[in-house]
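Architecture at a glance
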Amino acid sequence: MSEFENFDNIPNVRDGLNKKERAILFCLQQTQQELGDRNVPTILLYGRVLEFVDISKEEFQTILSQFAGLTKLSGE
């Protein structure tokens, strides 16, 4: 593990999102626009997020659940 990988999980001071969360939201917005504001299949979103960050399926699902309000945020 490189020293820079540790910084990927630190929330940004501007909005509290870390690199992985930001990549998911960016890819979600981009894909929704391409699909004409339709729902984005999870597997499609996961594939696009992998182009930006290295993330496991479990971590990806956890972050999506947090965004949807299905689980408590880890910081609370």
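Residues numbered from 1 in each chain as written. Predicted model: local features only at pLDDT ≥ 70, side-chain atom pairs only at ≥ 80, totals over all residues. Heavy atoms only, no water.

**Re helix H1 (residues 19-34)**
The end-to-end C-alpha distance of H1, which contains 16 residues, comes to 23 Å, matching closely the 22 Å that a straight helix rising 1.5 Å per residue would cover. The secondary structure elements touched by the buried residues of H1 are helix H2 (42-50) and helix H3 (57-68). At the N-terminal end of H1, a side-chain oxygen is found 3.1 Å from the backbone nitrogen of Lys-20, two or three residues along, and the residue is Asn-18. (Helix = DSSP H or I, 4+ residues; strand = E, 2+ residues; numbered from the N terminus. Expected span 1.5 Å × (residues − 1). Contact = heavy atoms within 4.5 Å. Polar contact = N/O pair within 3.5 Å; in protein donor to acceptor, adjacent residues only side chain to side chain.)

**Structural notes on the pattern of salt bridges**
In this structure the tally under the stated criterion is three salt bridges. Close ionic contact of Arg-22 with Asp-15 constitutes a salt bridge, the shortest N to O distance being 2.9 Å. Here Asp-15 falls in the partly exposed class, since its relative accessible area comes to 42%. Where Lys-20 meets Glu-59, a salt bridge forms, and the shortest distance between an N and an O atom there is 3.0 Å. (Salt bridge = Lys/Arg side-chain N within 4 Å of Asp/Glu carboxyl O. Buried < 20%, exposed > 50% of the residue type's maximum accessible area, 1.4 Å probe, protein only.)

**Examining the side chain of Lys-20**
Within the secondary structure, Lys-20 sits in helix H1. The buried category is assigned to Lys-20, whose relative accessible area is 12%. Among the polar contacts listed, one links the side chain of Lys-20 to the side chain of Glu-59, at a separation of 3.0 Å. With sequence-adjacent residues up to four places away left out, Lys-20 is seen in contact with Asp-8, Asn-9, Val-53, Asp-54, Ile-55, Glu-59 and Ile-63.

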